[in-house]
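A closer look at the structure
One letter stands for each residue in the lines below.
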Amino acid sequence: MKIRRGDSVIVVTGADAGDTPRRVLSVVAGGKKLTVENVNRALKHVKRGHPKSPQGGRLEIEMPIDASNVKFYCEACSKGTRIGYRYTADGSKERFCKSCDASLGTISPANAKYQKQ
């Protein structure tokens, strides 16, 4: 999956859809589902003595949503966009925004096999 933990995303479909960027808390199920901050909140009933709620009661937690329901939020072009992979001149692999062609950071170190001459 091209979206990673800590990225900003825009929810495209569902009850929490909107234009506000939100942070990805975790990537689960092999990259097919994401837990996004303040999206798809559910109530979990816990007994007394639970570490997060010692007195017991109801906890509000974020549940995972499908990765196809979000778009990566590019800060350079300030909109939801797709992500691609490419190799740089020194042979390292990086993510980039397909709209504005901005670099989003390297994924793997330089490899002589992919160096451009």
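Conventions and cut-offs
Residues numbered from 1 in each chain as written. Predicted model: local features only at pLDDT ≥ 70, side-chain atom pairs only at ≥ 80, totals over all residues. Heavy atoms only, no water. Domains from an automatic or database assignment. Contact = heavy atoms within 4.5 Å. Buried area = accessible area lost by both parts, 1.4 Å probe. Salt bridge = Lys/Arg side-chain N within 4 Å of Asp/Glu carboxyl O. Polar contact = N/O pair within 3.5 Å; in protein donor to acceptor, adjacent residues only side chain to side chain. Nonpolar A, V, L, I, M, F, W, Y, C, P; charged D, E, K, R; others polar.

**Some points on the domain arrangement of the chain**
Taken domain by domain, the chain consists of domain 1 (1-80) and domain 2 (82-116). The gap between the C-alpha centroids of domain 1 and domain 2 is 27 Å. Counting residues at the interface gives 10 residues for domain 1, matched by 10 residues for domain 2. Counting each side, the surface lost to burial between domain 1 and domain 2 is near 850 Å², with a carbon and sulfur contribution of 65%. Looking at the side of domain 1 facing domain 2, the largest losses of area belong to Lys-2, Arg-4 and Phe-72, adding up to 60% of the total buried there. Applying the counting criterion to the domain 1 and domain 2 interface returns 1 salt bridge. For Asp-7, the salt bridge is made with Arg-95, and the minimal N-O distance between the two is 2.9 Å. Scanning the region where domain 1 abuts domain 2 turns up 3 residue pairs in polar contact (both at pLDDT 80 or more). Class assignment of the residues belonging to the side of domain 1 that touches domain 2 gives a composition of 6 nonpolar, no polar and 4 charged.

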